[in-house]
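Okay, here's what each chain looks like letter by letter:
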Amino acid sequence: MQAPDHIQPPQDTVPQSLHRLGELARNLWWSWNQPARQLFESIDPTLWFLTHHNPVQLLSGVKPERFATLAGDPNFARQYSAVLRAFDEYLSSKNTWAATEFPALQNSPIAYFSAEFGLHISIPIYSGGLGILAGDHCKEASDLGIPLVGIGFMYPQGYFKQRINPEGWQEATYVPFNRYDSPIHQAMTSTGIPCSIKVEIGHRQVTVLVWQVRAGRMSLYLIDTDVPENTPEDRALSARLYGGDQEIRLCQEFLLGIGGVRILRALGIDPAVWHCNEGHSAFLTLERIREFVTTGHSHAEASDLVRQSTVFTTHTPVPAGHDIFPFHLMDRYFSNYWGQLGLSREEFLRLGETPESAGHGFNMTALAMRLSAHVNGVSREHGRVSRQMWQHLWPGLAQDLVPIRSLTNGIHAPTWISPEANSLYAKYLSPDWAERVDDPIIWQRVTDLPDDALWAVRQTTRRKLMRFIRERARDGWIRGHLQPMQAIARGTLLDPEALTIGFARRFATYKRATLLFRDLDRLKQLLHNRWRPVQIVFAGKAHPADEPGRYFIHEVLSFCNDHKLGGHVAFLEDYDMHMAKYLVQGVDIWLNTPRAPLEASGTSGQKAALNGVINLSVLDGWWHEGYNGANGWGIQPLPEGTDTQAQDAHDAEQLFRLLEQEVVPLFYQRDLDGIPRGWLQIVKESIKTVAPRFCTKRMVKEYMRQLYAPATARTPNKW
Ligand SMILES: *Cc1c(COP(=O)(O)O)cnc(C)c1O
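Residues numbered from 1 in each chain as written. Predicted model: local features only at pLDDT ≥ 70, side-chain atom pairs only at ≥ 80, totals over all residues. Heavy atoms only, no water.

How big an interface is tends to be stated in terms of the accessible area lost upon association of its parts. Looking at the protein, the domain boundaries give domain 1 (16-92), domain 2 (103-409 + 701-711) and domain 3 (436-694). Here the C-alpha centre of domain 3 lies 34 Å away from the C-alpha centre of domain 1. (Domains from an automatic or database assignment.)

Attention now moves to the packing of helix 2 (residues 34-43) against helix 6 (residues 74-92). Any two packed helices are characterised by the angle at which their axes cross and by the distance between the axes. Between helix 2 and helix 6, whose axes approach to 9 Å, the crossing angle comes to 145°. Our pair here, helix 2 against helix 6, has a crossing hand that is left-handed. Of the residues in helix 6, those touching helix 2 at Pro35, Ala36, Gln38, Leu39, Ser42 and Ile43 are Phe76, Gln79, Tyr80 and Val83. Its residues placed into classes, the contact of helix 2 with helix 6 shows seven nonpolar, three polar and no charged. (Axes fitted to C-alpha atoms, helices over the stretch in contact; angles between N-to-C directions. Helix = DSSP H or I, 4+ residues; strand = E, 2+ residues; numbered from the N terminus. Left-handed = near helix turned anticlockwise from the far one by under 90°. Contact = heavy atoms within 4.5 Å. Nonpolar A, V, L, I, M, F, W, Y, C, P; charged D, E, K, R; others polar.)

Turning our eyes to something else, we now look at the UniProt feature "modified residue: N6-(pyridoxal phosphate)lysine" (unreviewed entry) in the protein. Mapped onto this numbering, the UniProt entry annotates "modified residue: N6-(pyridoxal phosphate)lysine" (unreviewed entry) at Lys607. Here lysine 607 lies in helix 25 (residues 604-610). For lysine 607, the residues in contact, after removing those within four places along its chain, are Ile132, Ile411, Trp416 and Val584. (UniProt positions renumbered as here; feature names shortened; annotations may be inferred.)

Side chains that differ in sign of charge can pair as their charged atoms come close. In the structure shown here, the tally under the stated rule is 48 salt bridges. The partner of arginine 332 in a salt bridge is glutamate 247, and the shortest N-O contact between them spans 2.9 Å. Highlighted residues: arginine 332 in helix 13 (residues 327-334) and glutamate 247 in helix 10 (residues 246-266), separated in sequence by 85 residues. Judged by its relative accessible area of 25%, glutamate 247 is partly exposed. For the salt bridge of glutamate 599 with lysine 511, the shortest nitrogen-to-oxygen distance reads 3.1 Å. Residue glutamate 599 is located in the loop between strand 18 (589-592) and helix 25, and its partner lysine 511 is located in the loop between strand 15 (499-504) and helix 22 (520-528); the two are separated by 88 residues in the primary sequence. (Salt bridge = Lys/Arg side-chain N within 4 Å of Asp/Glu carboxyl O. Buried < 20%, exposed > 50% of the residue type's maximum accessible area, 1.4 Å probe, protein only.)

Moving on: the side chain of threonine 189. Residue placement: threonine 189 occurs in the loop between strand 5 (185-186) and strand 6 (196-201). The exposure class of threonine 189 is buried, given its relative accessible area of 14%. Reaching out from threonine 189, the side chain makes a polar contact with the side chain of threonine 191 at a distance of 3.0 Å. Sequence-distant contacts of threonine 189, defined by excluding residues within four places in its chain, comprise Cys195 and Ala266. (Polar contact = N/O pair within 3.5 Å; in protein donor to acceptor, adjacent residues only side chain to side chain.)

We now examine the packing of helix 20 (residues 451-478) against helix 24 (residues 577-586). In the contact formed by helix 20 and helix 24, the axes pass within 8 Å of each other and the chain directions differ by 140°. The two elements helix 20 and helix 24 cross, and the hand of that crossing is left-handed. Each of Arg458, Thr461, Arg462, Lys464, Leu465, Phe468 and Arg472 in helix 20 lies in contact with helix 24, whose residues at this interface are His578, Met579, Tyr582, Leu583, Gln585 and Gly586. Residue composition of the contact of helix 20 with helix 24, grouped by class: five nonpolar, four polar and four charged.

Taken together, six strands build an open sheet; the order of strands is 17-16-15-18-19-20 and the sheet is parallel. Two strands close off the open sheet at either side, each with one partner strand: strand 17 (569-572) and strand 20 (633-635). Sheet twist, expressed as the average angle between the axes of neighbouring strands with direction ignored, equals 20°. Here four bridges tie strand 16 (residues 534-539) to strand 17, and the two strands are oriented parallel to one another. In the sheet register, valine 537 faces strand 17, and the bridge partner there is alanine 570. Where helix 23 (residues 547-560) meets the sheet, it contacts strand 16 and strand 17, and its direction lies at approximately 135° from that of strand 17. Of the strands in this sheet, strand 15, strand 16, strand 17 and strand 18 touch helix 24, which is tilted by about 155° from strand 16. (Pairing = 2+ DSSP bridges.)

This part is about the packing of aromatic side chains. Inspection of every chain in the model, using the stated rule, returns 38 aromatic pairs. A ring pair is formed by phenylalanine 503 and phenylalanine 507, whose centres lie 6.4 Å apart and whose planes are at 70°; its orientation type is edge-to-face. Here phenylalanine 503 falls in the buried class, since its relative accessible area comes to 1%. Counting every residue linked through ring pairs, the aromatic cluster contains Phe254, Phe283, Phe334, Tyr337, Trp338, Phe348 and Phe362. In this structure, lysine 581 packs its charged tip against the face of tryptophan 416, placed 6.0 Å from the ring centre. (Phe/Tyr/Trp six-rings, centres within 6.5 Å; stacked < 30°, edge-to-face > 60°. Lys NZ or Arg CZ within 6 Å of the ring centre and 35° of its normal.)

Before going further, it helps to examine the environment of alanine 570. Note on placement: alanine 570 falls in strand 17. On a C-alpha basis, the gap between alanine 570 and isoleucine 488 in space is 7.5 Å, while along the polypeptide they are 82 residues apart. Those residues in contact with alanine 570 that sit more than four places away from it in its chain are Ala489, Arg490, Gly491, Leu494, Ile536, Val537, Phe538 and Cys560.

Taken as a whole, this structure holds zero disulfides when the rule is applied. Cysteine 251 takes part in no disulfide bond, and the closest cysteine sulfur to it belongs to cysteine 276, at a distance of 19 Å. Overall, the relative accessible area of 2% leaves cysteine 251 in the buried class. (Disulfide = S-S within 2.5 Å.)

Next up, the structure:
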């Protein structure tokens, strides 16, 4: 089948002696390998900057003269060979962690289904934490040698881009992106033809084209319905992430779960384990039951087989985070389907029943819980809350016996580490610290990091963040979409030497971005102190349909524009992975103020800690178990059930007290060399305790041991 008509592959201009650059660019391995990134950057630093570090676009934009120069440059040739050698070694290595620990499972693929994947900004198919976690999980599976394949969507318009209009309101725009300018390519079947399948959704035949992303040793397959064979409505089905109404959402989840299984079949991949990352993909359990029923199993047998081999991760206790589809939509799309499962309509609808939805709604989380034997929440606290929330599915079972484990999220260290901290750790901890990141022993050496070297990294990364912020504002002004006044709200008056607090995350109201604005006089005093200035950088998107969230952004912007706050508060437009890197590497304090216990885990604070940034957070999510009294600051929430006004007042008071009495004095307490020794003490304690525990190396190993390996064990044959 032909690729969509409006996009064409670029001409290949790379000279013969450097011909493997294209291959390197199309495997995201470079995105977590510093020498590979440096190689691309050195080809054309300006273009590297302008393409937001997208080597595919870079290579198609480099002038032939530049390539000719590079082809004759011995330094570049040396760098090129070294990177390719490392790349080949990585891909062909036989003694990976998984090969050593689980040799019997090397030919048992794990299919990982997710509505979003945050691998790199050049593939904009993620919105936030869920996607970033999926991306980090995939990279780590590759590093550990776990045979994992991903299934997701090629959203040609991605997630929305955020613009702030002159009145301070968020506007959503969608930018179509060129598939050929991105590190993806069409997936091929084993017989060498482009992979495409047809899926019957309700009474429509929808054609799906499949794209492939390579990330190290693993592959991710992406569903694309934007092909000429489809009606305009069906072409638009996969256009946007979380962009449509409930019916489009249902069709997307039909495609992901049911289409996803068929794509794996078409590719000749036979997974031993099926992992639903959040409930969006839970229909995959139905399609697998259908397959077993078609080959002669009873519905009960089929369900048992599916349950035993399915892993389900739930990600939020917030009700809006769980899809519930009304029965009339389920009827429209499943009336010719439930019979194939050996079920009546009533039996089918009961699979998605909860006490709240009984009789009218089909809950995707309930479906996933019922058909997965291996379920987990994403932090200790979230495990507890999930057992409480879903206890009704196991009537008669005590809450702490409900079979939902907790497995705390982590981050992929090589993706999130700053180049400066990376060099520091390589020098003082171990050259291969990133491969051993989950080993607490190497982190003991953090105690001996020279203070001046560590402080130099902190200073450099903060200055880099400030430059990033300034250049964004300058660019906006040059392009005419920022007025000079607005440039101040974008951070042009920020001070590269001042204590900088970062708050960047989705603007959901429970995250309480505006907590500090409850007491403006106190805030002003804090920010304005001439000798000990404090500044705050905000970033984040609100879902376009989330009115209260959009209102919060507007409120933050009005404070950024308030001359009385003196330009010490800034809001950065269009938070994404690229900006996140500058923020988690460059600020001094990472602030998080969720209304407990609603933050399932959070991961951005883990990225910050890895880079020597100190967390100041409500004790919820991962920080509830990460905080030890000496590695940052924690706000103990009032008991659950306290009314929200009282909770907000209490948490704001704690927050101000900590900032005024502990954080600010410690940051500005310098010795004769200008080094804040007490501050660095906490930085070190934070790196030492957070890095080995809250990394995907620890996390994905646990998934393997506690969920994937048990899911490959077949239940005793009962028939
Ligand atoms: C890490 C990350 C997140 C998730 O972080 P939280 O702590 O859950 O807010 C969201 N968005 C981006 C761009 C990230 O890099």
